[in-house]
Amino acid sequence: VMNYSRFVTAVSAARKASPIRLLTELQQKSPPSLISLAGGAPNPDTFPFKTATITLKNGGHIVFDEGIMKRALQYSGSYGIPELLSWMKDLQKSLHNPPTVSYSPERGQMEMCVTTGSQEGLCKVFEMLINPGDNILLDAPTYSGTLAALKPLGCNIINVPSDERGMIPKALKEILSKWSLDEVGKPDSPIPKVLYTIPNGGNPTGASMTTERKTEIYQIARDYDFLIVEDDPYYFLQFEKPWAPTFLSMDVDGRVLRTDSFSKILSSGLRVGFVTGPKPLIDRVVLHIQASTMHTSTFTQLMVSQLLQGWGQEGFLKHIDSVVEFYRKQRDAMLGSADKWLKGVAEWHAPAAGMFLWIKLKEITDTQRLITEKALEKEVLLVPGGVFNINSSEPCPYVRAAFSQSSPEQIDLAFQRLSTLIKE
Ligand code: PMP
């Protein structure tokens, strides 16, 4: 049975449930006949909004009548609104089917909470788990938002070598071999207790981890008793089916915290993400939410929930298919233009998921100045790769190109300009 107390920071341990928030949860689950004089919620009758109708591209509508609108404008529980939570729990069960052993009564159930984008989920998870001086494992280059959340916590970030198939288990084992297994938990030798990874369509590398590597890494996590933070916002943007098994789907112990996001498939501005994991840890994430955002916008949760209830899982997956189709064409267009303009001056791997191409410029040791000083003159913008490194001032020959927003013609022109720039 997992004992989570060793993983939890002093800050997190000091977080206590808000009595007012608990009342809000209770109220949310109570029949309408309940008369509540509790809490400090304002009266939505005083708010200026009455109803809302959102028209969908397929001609359908989401209608907020006066009753729903009052709910949408009001505070709600910190785990998320019940109907959205239960829809997402069903989705997680059918997509990942987490092994029931980790969710037996004595270990706690699988639990989930809604977050304001997966970024909030990550921040809360790190705040819960990372003490100053802790060693954290990740495969850099990695998402700059993760580094922004992690670095100020004063942890020591250990880079585990990776390639286009993700983190390399052998390299991970080598790093860990300097801690003997009986040193687990010794304060003067903090064995890494968290491994963070983006398993599909990595940002910025586009890399996706193979199932074999995931299986091996999960076993290493068991041997060395660390948690895995599986940050998977590009899960739904996998170009090949069947979708890869996730760490969550392998989690027999209850050591995986998975962050998901609707940003890439429904809307990034609505800010809806969710965290899934063992109940003791998710309950704790919710304590952190209670003390900051209190909950993700009720309005946007209801909007997403009504859309998903209307679609059902089948409709949702059909929508995903059409999004994937779009990004697949975009990726192929970018690969075609890369072949046309960048062959000889750059190298890349075709991403199997996501929205990024990670390009190594052959003759250029650091792309920072090239991009920030020269590229704008040529009217092309990319992200210099250094921003994704643990030490952002280290020279980096890579750039990240997104194939999400520009048309194939614009992508082609951008690579033509990049090629001229490199040659100059
Ligand atoms: N993780 C990764 C790897 C990302 O690329 C992003 C978005 N760029 C996020 C998390 C945050 O996404 P959101 O908060 O919109 O869900």
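Residues numbered from 1 in each chain as written. Predicted model: local features only at pLDDT ≥ 70, side-chain atom pairs only at ≥ 80, totals over all residues. Heavy atoms only, no water.

- In the annotation of an unreviewed UniProt entry, the protein chain is listed under the name Kynurenine/alpha-aminoadipate aminotransferase, mitochondrial and assigned to Lepisosteus oculatus.
- UniProt, in the comment section headed Cofactor (unreviewed entry), describes the protein chain in these words: "pyridoxal 5'-phosphate". (UniProt positions renumbered as here; feature names shortened; annotations may be inferred.)

## Thoughts on the nonpolar core
Buried together is how nonpolar side chains tend to be arranged in soluble globular proteins.
Item 1. By size, the foremost hydrophobic cluster in this structure holds 92 residues, and its most contacted members are Leu-129, Phe-262, Phe-316, Leu-342, Ile-359 and Phe-415.
Item 2. A per-element tally of this core places helix H11 (residues 298-342) first, with 14 residues.
Item 3. Each residue touching Leu-129, except ones within four places of it in the same chain, is listed here: Phe-7, Thr-9, Asp-134, Lys-193, Val-194, Leu-227 and Leu-257.
Item 4. Membership of the second largest hydrophobic core comes to 23 residues, among which are Ile-191, Ile-228, Phe-247 and Leu-248. (Core = buried A, V, L, I, M, F, W, Y, C linked by side-chain atoms within 4.5 Å. Buried < 20%, exposed > 50% of the residue type's maximum accessible area, 1.4 Å probe, protein only. Helix = DSSP H or I, 4+ residues; strand = E, 2+ residues; numbered from the N terminus. Contact = heavy atoms within 4.5 Å.)

## Brief notes about the site of the ligand
Item 1. Inspection of the region around the ligand gives 13 residues, with Ser-118, Asp-231, Tyr-234, Ser-261 and Ser-263 positioned closest.
Item 2. Gln-119 is positioned such that a nitrogen or oxygen atom in its backbone is 2.9 Å from an oxygen atom of the ligand.
Item 3. Side-chain polar atom of Ser-261 to an oxygen atom of the ligand: 2.6 Å apart, as the coordinates give it.
Item 4. In terms of residues, the shell around the ligand owes the most to one element, helix H5 (residues 117-129), which gives three residues.
Item 5. Looking at the shell around the ligand residue by residue, the class counts come to four nonpolar, six polar and three charged. (Near = heavy atom within 4 Å. Polar contact = N/O pair within 3.5 Å; in protein donor to acceptor, adjacent residues only side chain to side chain. Nonpolar A, V, L, I, M, F, W, Y, C, P; charged D, E, K, R; others polar.)

## A few points about the sheet that holds strand E9 (residues 227-231)
Item 1. Spatial ordering of the open sheet is given by E3-E11-E10-E9-E8-E4-E5, a layout of seven strands whose pairing is mixed. If you trace the sheet from one side to the other, it starts and ends with strand E3 (110-115) and strand E5 (156-159), each paired once. Neighbouring strand axes in the sheet, compared pairwise and without regard to direction, differ in orientation by 20° on average.
Item 2. With four bridges joining them, strand E10 (residues 256-261) and strand E11 (residues 273-278) adopt antiparallel strand pairing. The residue of E11 that forms the bridge with Ser-261 is Gly-273.
Item 3. Packed onto the sheet, H5 meets E3, strand E8 (194-197), E9, E10 and E11 and runs at close to 160° relative to E10. (Pairing = 2+ DSSP bridges. Axes fitted to C-alpha atoms, helices over the stretch in contact; angles between N-to-C directions.)

## Comments concerning the packing of H5 against helix H10 (residues 279-290)
Item 1. Contact geometry of H5 with H10 gives a least axis separation of 9 Å together with a crossing angle of 105°. Here H5 lies roughly perpendicular to H10, going by the angle between them. Across the interface between the two elements, Glu-120, Lys-124, Val-125, Glu-127 and Met-128 of H5 pack against Leu-281, Arg-284, Val-285, His-288 and Ile-289 of H10.
Item 2. Split by residue class, the contact of H5 with H10 holds five nonpolar, one polar and four charged. (Parallel < 35°, antiparallel > 145°, perpendicular 65-115°, else oblique.)

## With respect to the side chain of Asp-260
Item 1. With respect to the secondary-structure elements, Asp-260 resides in strand E10.
Item 2. Among the polar contacts made by the side chain of Asp-260, one reaches the side chain of Gln-92 at a distance of 3.0 Å.
Item 3. Apart from residues no more than four positions distant in its own chain, Asp-260 is found in contact with Gln-92, Ser-118, Asp-232, Phe-236, Gly-273, Phe-274 and Thr-276.

## Quick word on unusual backbone geometry
Item 1. Each neighbour pair has its own omega, and for Ala-140 with Pro-141 the value is 0°, a cis peptide bond.
Item 2. Tracing the backbone through its elements, the reader meets Pro-141 in the loop between strand E4 (135-138) and helix H6 (144-150).
Item 3. Geometrically, the link from Lys-241 to Pro-242 is a cis peptide bond, its omega value of 0° lying close to zero.
Item 4. Assignment of secondary structure puts Pro-242 in the loop between E9 and helix H9 (247-250).
Item 5. The backbone of Asp-225 shows a phi angle near 55°, a positive value even though the residue is not glycine.
Item 6. Assignment of secondary structure puts Asp-225 in the loop between helix H8 (211-224) and E9.
Item 7. For Glu-379, which is not glycine, the phi dihedral falls at a positive 60°.
Item 8. Glu-379 sits in the exposed class, given a relative accessible area of 60%.

## Quick notes on the state of the cysteines
Item 1. In total, this model carries zero disulfides according to the counting rule given.
Item 2. Cys-155 forms no disulfide, and the closest cysteine sulfur to it belongs to Cys-123, at a distance of 12 Å.
Item 3. Taking relative accessible area as the criterion, Cys-155 reaches 14% and is therefore assigned buried. (Disulfide = S-S within 2.5 Å.)

## With respect to the domain arrangement of the protein chain
Item 1. Split by domain assignment, the protein chain resolves into domain 1 (4-41 + 76-313), domain 2 (44-74) and domain 3 (321-423).
Item 2. Spacing between the C-alpha centres of domain 1 and domain 2 amounts to 31 Å.
Item 3. Counting residues at the interface gives 13 residues for domain 1 and 11 residues for domain 2.
Item 4. Buried surface at the junction of domain 1 and domain 2, summed over both partners, amounts to about 980 Å²; 66% is from carbon and sulfur atoms.
Item 5. Three residues stand out in domain 1 for area buried against domain 2, namely Phe-299, Leu-302 and Gln-306, and they jointly supply 49% of the buried area on that side. (Domains from an automatic or database assignment. Buried area = accessible area lost by both parts, 1.4 Å probe.)

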